[in-house]
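The residues making up each chain are set out below.
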Amino acid sequence: FKSVGDLKQYSTISGACNSFETETISKGEMLRSKIELMGQPMVTGYDGKQCWIQQGEHVFPADETTTQRIVEEVKHGMVLLMKLGEPGARIEAADRREVAGRPCSGLKIYADDGKPSTFYADDTSHYILRSEYVGTDLEQGVSAVKICEYSDNRPIMGSIMPYHITEFSSEKKSAETDIRSIVEHNVDDSFFSIPTEKPIARLKEGPV
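Just so we're clear, the structure is a prediction, and the values are computed from it rather than from any experiment.

Colleague: Even after reading the chapter, I still don't get the confidence of the model for the chain, so can you show me in this structure?
Modeller: Residues shown with low pLDDT carry predicted positions that ought not to be read at fine detail. Taken residue by residue, the chain gives an average pLDDT of 90. The fraction at 70 or more is 97%. Across the chain, strand S9 (residues 116–122) holds the top mean pLDDT of 97, while helix H1 (residues 64–75) sits lowest at 87.

Here is the structure:
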């Protein structure tokens, strides 16, 4: 699917906030996300194996910390709920807690990296209101409890999707996303692969 919305990123160190319009295309664990940064599009991609970044015409593999964060966010996101239907999946009951004033049941699901994510479902609606796992802080590159709180749930494509997502890193707000639209968007898997960087013709002519 393709989602378009507004993203606010908060520094977990200073609290400073930057706002972007964002477009994300997802297919299973693959994604391609685009924002406008200083007047230039910046694209972040993950094809299920490799993370990459494209700024303008320049394409390069993502650094180790960025790669780790993206892989964690993908593998420990809502897609992890698909394991509920898989034989052999490791799933456990978790402690109950209250989220946004709503009593919730906890469900712990283990991802392919061996680490669990805990999802909290509203006892009445059964919507997922919160998820958390031990991941990596975006700015500091250190271990942190990554939390997502989901709200404004709406029916879409035979399921339910949250249109407002608030993210925290060790209880400090790190991002807030308001989705304006979600539509089906069929693309080939190659769409998520790292693009081939266009060669600069002038470089072939030798030094000046």
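Still more ground to cover, so stick around.
Colleague: Looking at this structure, I do not really get the pattern of salt bridges. What am I missing?
Modeller: Applying the stated criterion across every chain, the model contains 16 salt bridges. Put simply, Arg180 and Asp6 hold a salt bridge, and the shortest N to O gap is 2.9 Å. Within this pair, whereas Arg180 is found in strand S13 (residues 172–183), its partner Asp6 is found in strand S1 (residues 2–10), the two being separated by 174 residues in sequence. Overall, the relative accessible area of 44% leaves Arg180 in the partly exposed class. As a salt-bridge pair, Lys83 and Glu86 come within 3.6 Å of each other at their nearest N and O atoms. Three or more residues joined by partner-sharing salt bridges are found here, namely Arg97, Arg130, Glu132 and Glu149.

Colleague: How should I be thinking about the nonpolar core in this particular structure?
Modeller: It is characteristic of soluble globular proteins that their nonpolar side chains tend to be buried jointly. Counting 12 residues, the largest nonpolar core consists of Leu7, Phe20, Leu31, Ile35, Met42, Tyr46, Cys51, Ile53, Ala62, Ile70, Val74 and Ala175. Listed by contribution, the elements that provide at least two residues to this core are strand S3 (30–37), strand S4 (40–46), strand S5 (51–55) and H1. The residues contacting Ile35, other than those within four sequence positions of it, are Phe20, Glu21, Thr22, Gln40, Pro41 and Met42. The next biggest cluster of nonpolar side chains, apart from the first, holds 9 residues, and it includes Ile109, Ala111, Cys148 and Tyr150.

Cut-offs applied
Residues numbered from 1 in each chain as written. Predicted model: local features only at pLDDT ≥ 70, side-chain atom pairs only at ≥ 80, totals over all residues. Heavy atoms only, no water. pLDDT = per-residue confidence, 0-100. Helix = DSSP H or I, 4+ residues; strand = E, 2+ residues; numbered from the N terminus. Salt bridge = Lys/Arg side-chain N within 4 Å of Asp/Glu carboxyl O. Buried < 20%, exposed > 50% of the residue type's maximum accessible area, 1.4 Å probe, protein only. Core = buried A, V, L, I, M, F, W, Y, C linked by side-chain atoms within 4.5 Å. Contact = heavy atoms within 4.5 Å.

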